[in-house]
Amino acid sequence: MKKSKLLFCALGLLFPGSGLNCFYLQGFKSFWAWIQLFALIGGAVGWIILKDAHFHSAPGWVLITFEFIAIEASWLTTIAFGLRLDEKWDAQFNPGIEEHRRTRSGWLEILTVIFSLVFGAGVMMTFLAVSFEQFFISQIHEAKKLSQ
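Residues numbered from 1 in each chain as written. Predicted model: local features only at pLDDT ≥ 70, side-chain atom pairs only at ≥ 80, totals over all residues. Heavy atoms only, no water.

**Quick word on the packing of helix H1 (residues 5-14) against helix H6 (residues 107-147)**
Packing of H1 against H6 brings their axes to within 9 Å, and their N-to-C directions diverge by 20°. One finds that H1 runs roughly parallel with respect to H6. In this structure, the crossing between H1 and H6 has a hand that is left-handed. Of the residues in H6, those touching H1 at Lys-5, Leu-6, Cys-9, Ala-10 and Leu-13 are Leu-108, Glu-109, Thr-112, Phe-115, Ser-116 and Phe-119. Grouping the amino acids of the contact of H1 with H6 by side-chain chemistry returns seven nonpolar, two polar and two charged. (Axes fitted to C-alpha atoms, helices over the stretch in contact; angles between N-to-C directions. Helix = DSSP H or I, 4+ residues; strand = E, 2+ residues; numbered from the N terminus. Parallel < 35°, antiparallel > 145°, perpendicular 65-115°, else oblique. Left-handed = near helix turned anticlockwise from the far one by under 90°. Contact = heavy atoms within 4.5 Å. Nonpolar A, V, L, I, M, F, W, Y, C, P; charged D, E, K, R; others polar.)

In structure tokens form, the structure reads like this:
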């Protein structure tokens, strides 16, 4: 069965961190797809822990960080594979395909790459800003405890 670069990129863009794009290419044997899926589930658990602990839970932050990494990795693979030459894509994922069925990338693949870059950069900046804010708030609380 022919593997579509557009479908791979669309899955990575629209369902980041779920591993669906890796499952599409390699099936259920994909190690990285399972890692991404478990990180996404762990991140959801981490969010629940953080909400219950009023954002003062180290395990919650660790789980959220794993989810963040999985989401960013999904967008990064969308960028990397979306910009891959069609010949290299076909050689790796569609070996022996007929000439008339070869991959021909167009604007839709490029748009998925552009949006993956925009979303990835935006989420990364937001995550870093919130993380540093929480870190400095915790430092202020610890300093107040020491001064009393």
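Okay, back to it.
**Quick word on the packing of aromatic side chains**
In this structure the tally under the stated criterion is 15 aromatic pairs. In textbook terms, an aromatic cluster arises when at least three aromatic residues are bridged by ring pairs, as seen for Phe-8, Phe-81, Trp-89 and Phe-93. Taking the ring centre of Tyr-24 as reference, the NZ or CZ of Lys-3 above it sits at 5.2 Å. (Phe/Tyr/Trp six-rings, centres within 6.5 Å; stacked < 30°, edge-to-face > 60°. Lys NZ or Arg CZ within 6 Å of the ring centre and 35° of its normal.)

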